[in-house]
Every structure is written in structure tokens, then in C-alpha cells.
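# Results of the structural survey
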Amino acid sequence: MELNEGFADLGLSEPLLAAVAAAGYETPTPIQEKAIPLVLRGVDLLGCAQTGTGKTASYALPIIDILSSGTGKPRMPRCLILAPTRELAQQIADNFATYGTNHSLRQALLIGGEGFTLQEAALGKDPDVLIATPGRLIDMFERGRIMLGGVKVLVIDEADRMLDMGFIPDVERIVQTLPRIRQTLMFSATLGPEIKRLGKEFLINPKEVSVAPPATVAGTVSHAMILVDPAEKRAALRDLLRDEAVQSALIFCNRKKDVDIVSASLARHGFNARALHGDMVQYRRTETLAAFKGGEVNLLVCSDVAGRGLDIEAVSHVINFDVPYNPEDYVHRIGRTGRAGREGRAITLATHEEAEAVDAIAALVGGAIPLTTADGEPAALGAAPRERERPRRSRSRRREEPGAREKRPARKRARSAEAAKDRPPLKRAPDGESAEAGEGRRKRRPAKQSASSRDDERVTGLGDHVPAFLRDPLPALPPGAER
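Residues numbered from 1 in each chain as written. Predicted model: local features only at pLDDT ≥ 70, side-chain atom pairs only at ≥ 80, totals over all residues. Heavy atoms only, no water.

## Some remarks on the pattern of salt bridges
- Evaluated as defined, the whole model comprises 18 salt bridges.
- The partner of R143 in a salt bridge is E120, with the nearest N and O atoms 4.0 Å apart. Taken together, the residues R143 in the loop between α7 (134–142) and β5 (153–156) and E120 in helix α6 (residues 116–123) connect sequence positions 23 residues apart.
- Looking at R143, the relative accessible area reads 42%, which means it is partly exposed.
- A salt bridge links D279 to K256; its shortest N-O distance comes to 3.1 Å. Placement of D279 in the loop between β10 (273–276) and α13 (282–293) and of K256 in helix α12 (residues 256–268) is noted, with a sequence separation of 23 residues between them.
- Accessibility expressed as a relative area gives 55% for D279, which makes it exposed.
- Salt bridges sharing partners connect three or more residues here, namely K55, D157 and E158. (Salt bridge = Lys/Arg side-chain N within 4 Å of Asp/Glu carboxyl O. Helix = DSSP H or I, 4+ residues; strand = E, 2+ residues; numbered from the N terminus. Buried < 20%, exposed > 50% of the residue type's maximum accessible area, 1.4 Å probe, protein only.)

What follows is the structure in C-alpha cells.
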């Protein structure tokens, strides 16, 4: 088999070059050209590249060559790769299996949502490469099933996503258990201030490699935004799927419950759609993803957590049912299409309420995305069209205003008139006050009593009640008797 000269110039071994050629790779991508020689030299690396640029191969290929020249100890992997999601971890494991076909390296995959028994069995085979999500790795470490004292190479993939999902404390805890002398590679789709701070914490004199400005998007992807009414979003989505030549599409929602709602709605209307989100058990997620990759399902409604690690080259469309809360998530979402040089299309359904999030995306990617109505007319986002609320006034003030009675609804005025007819006429008191009202007031306000009158009514020793027999006169005694 003819070896590709482009990869050969990077310093990779012949068995690895043969595996690369068998995988169909012809020319290294920019991130691979810059990162592979540095990883082979053993330096720490902070890499920034958008999704779909061959980032996984940029560290997997040189790591295989590095590990092929040595042996490990039982239950002590020599390479640890941390990924934020199960799907991304599975993708990395598949890539290692493809690239290492001519090597005898063993690997193990530790992800949540699956039983411990099979994963413990894989650890018992003394893997050289351990690919894991942070939570499951900590579980196995605390159970004493794995030792991390032999790690020579640490890879932190999708560091920005780790940060967004709150995994950095777990990563810091894991790093504290590793040898201080090691090679650390950290990759991210964006390089914000917090990512650079983590780079200083985890890396030693790193080389920084960036093949594109932070938060840039692939030039093969065309972008569009459609202004819709919130109540009509699902109908607008169905119209969009009918109008566009959608071969396969990822439809992103911000909330997991909306993923289920939207996928069920599409299925009811005859679309071939399924849901994929983080609350699903792992075997269901695996089955759904396999059905989408195999063409059994052409619409996959997913959340950001489930969609981050998807590596499917033939996705024709990415549709944002919701504008992402975090503008960087927009870059990650649309990175699922237009991969490997193919053309892709990213369409976002936006409402007036999401104007602030749309502005944040435009500021991040360096330009506004064309916004139109569903009919293709130019549109603009602004405050949601609604009536200005008038300040609420107290009831008493409304009664004082002239014409307040006429402003009441006709139904209430009619009920008030009928109730007035049923009431008996009031007698007027001499002072102009109603007699009934005066009597009511007098009943509610009893006259004050003087202190002397209150003292006369007081009973000492027996409370407020004296038995009747004590008030009866004593009977007369016969003559000569004493009491």
C-alpha cells in the first residue's frame, strides 16, 4: 500500500502510516500538521481548533507511536484521556481502535450509564490507554479498581465543555493523583480566559497551537436565522423540514424535556425522528446513535450534552430549535455539519425573546447572521411585541375617579343593578345617615361602663355565676335550736 507523503513528513512510524492510509486519510489537516510533531517531541500542548478538523487524530496518532515503544504495569494505564460526554469518549475509543490496528495496544473505556462488571473486566486486561468520563473514573478509582501512578500522557479533550458542564473540580481531583512528571495535552474549541487559566494550572511550559481564531466556524457551512412566534415554533420546524432538502439533521433544544416533546411531535406528523439526551440510559443512547449513523433515522433531536461528541460526516443540516444560552454552544452545534470539507447548512429558529442571545452569538462569531421571516422577508429582532402594561391602581382610587362606574364591564354593572333591586330601601336617619347603618354601628360599639358599675357586677370567688341555691333564704329553725 502506498504511504501518504504528507503524514510521513510528520514523523509517524510506517505501521501507523499504513493504518492511516487504510482509514482513507490523504492529507493531514492544519491541526494535525502542527500538533503531531510537538506531541512526538514530548512537550505539553494547548491546542485550539474547531470541531470537525481532525483534532482527535492530532493526539491519537502520536500517542500510539509513543506507547508502542514500552510496556505498562498491571492496572496502571500509561495514557489517560478525559472526555466530557459518553459519546465523545466512545468516538475517541473507536478512533484509537482504527489507528492502532497494526499495534498491540490495549484500551479500556469507562463511561457512565453502563454496568461496572464489564468495565472492571476491561481494566483487568491491563489497558495501555484509558478513555474515561471524569465521574466514572473517580468511581473506579475509589473502588480500588484502577491505579493512576503509571500515567505518562494525559489528554484533556473538549476542555471548554468540561468547564461548561462543571467537571473541572473532578478533573483537578484526578490530576492530583497523577505523577507530576508527565506530558499533558489539552484541547479546546475555544480559548477563553478561563481555559488559559486551566492551561497554566495543568500544563508546564506548553506550546500553544491554534489553527483558527477562537469561536470561528467552518467556511463550508451556510447560516440562516428565521424569526418565528414562540407558539408556532414546532409548526415552523415542520415547514422548514419540508422546504429544505434535509438528508439528515441534528435538531438542538436547550432543555431535555423539550427534546422529548419535539421528537414526539415530529413523529406524530410522519417524520422519522428520535430523541437523544443525557437522561436516557446508555444502551438507548447507543442504539439511537447507531440508527442515525446507519440511516434508519434521519432526524435526531438532541441536547447539547448528547450532541457534543457526535462525529457523523454526512449530516446535511443542523437546526437550532432554541437559540443556545451560551454563544459558544452555537459554534459547537453547527460544527456537527460541514465536516471533512463537505457543505453544510445551519438554521436557527429565533424569537424576539431570544434577541439578547442572538446578539451574543453575533459578537462571538464576528458578524450578524441573516435574519428573515418564514416567507423569506428580511426581519429584525427587538423587544417582543406586547401591550404596555398600565400601572395598577388601588380600588379606592378607581372609585374616586369620575366615570369609574361606567368603566366596569357591562356584566358586572348588570349584576350590581340586579342586587340593588333586591335590597330593601333604607330609612334615612335625621342626621342624613341610614338608620340601619347607625344601628349597626351602635351594636358594634357598646357604650362604655363606669368603673363603679363594673365593680357592682363583679362576683368574688365564684367567677361570673352564682348557684341559685345560695341565693335562697335559709329555712326557719325550731325554737331553742342553734345554727
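There's plenty left to go through after this.
## Comments concerning the nonpolar core
- Judged by nonpolar contacts, the single largest core of 39 residues is most densely connected at Y59, L61, I63, I81, F96, I131 and L185.
- Dropping the residues within four chain positions of it, F96 is found in contact with Y59, A60, I63, I64, I81, Q107, V129 and I131.
- Core analysis: the next-biggest nonpolar cluster, separate from the first, contains 30 residues, M140, M162, I195 and F202 among them. (Core = buried A, V, L, I, M, F, W, Y, C linked by side-chain atoms within 4.5 Å. Contact = heavy atoms within 4.5 Å.)

## Considerations on the environment of S13
- Mapped onto the elements, S13 comes out in the loop between α1 (5–8) and α2 (14–22).
- In contact with S13, not counting residues within four places along its chain, are D65 and H103.
- Separated by 2.6 Å, the side chains of S13 and D65 make a polar contact. (Polar contact = N/O pair within 3.5 Å; in protein donor to acceptor, adjacent residues only side chain to side chain.)

## Examining the environment of G54
- Within the secondary structure, G54 sits in the loop between β1 (45–48) and α4 (55–67).
- Among the residues examined, G54 registers a relative accessible area of 27% and is labelled partly exposed.
- Between the alpha carbons of G54 and R339 there is a distance of 9.4 Å; along the sequence they are 285 residues apart.
- Those residues within four positions of G54 in sequence are excluded, and the remaining contacts are T29, I31 and Q32.

## Concerning the pairing of strand β8 (residues 221–227)
- Of all seven residues in β8, five are buried; the element is thus mostly enclosed.
- Two elements, β8 and strand β13 (residues 344–350), share seven bridges in a ladder whose sense is parallel. Its bridge partner being in β13, M225 is matched across the sheet by T348.
- As defined by bridge partners, β8 adjoins strand β14 (residues 371–372) across two bridges and the pair is classed as parallel. (Pairing = 2+ DSSP bridges.)

Purely spatial values, then, with no claim about function.
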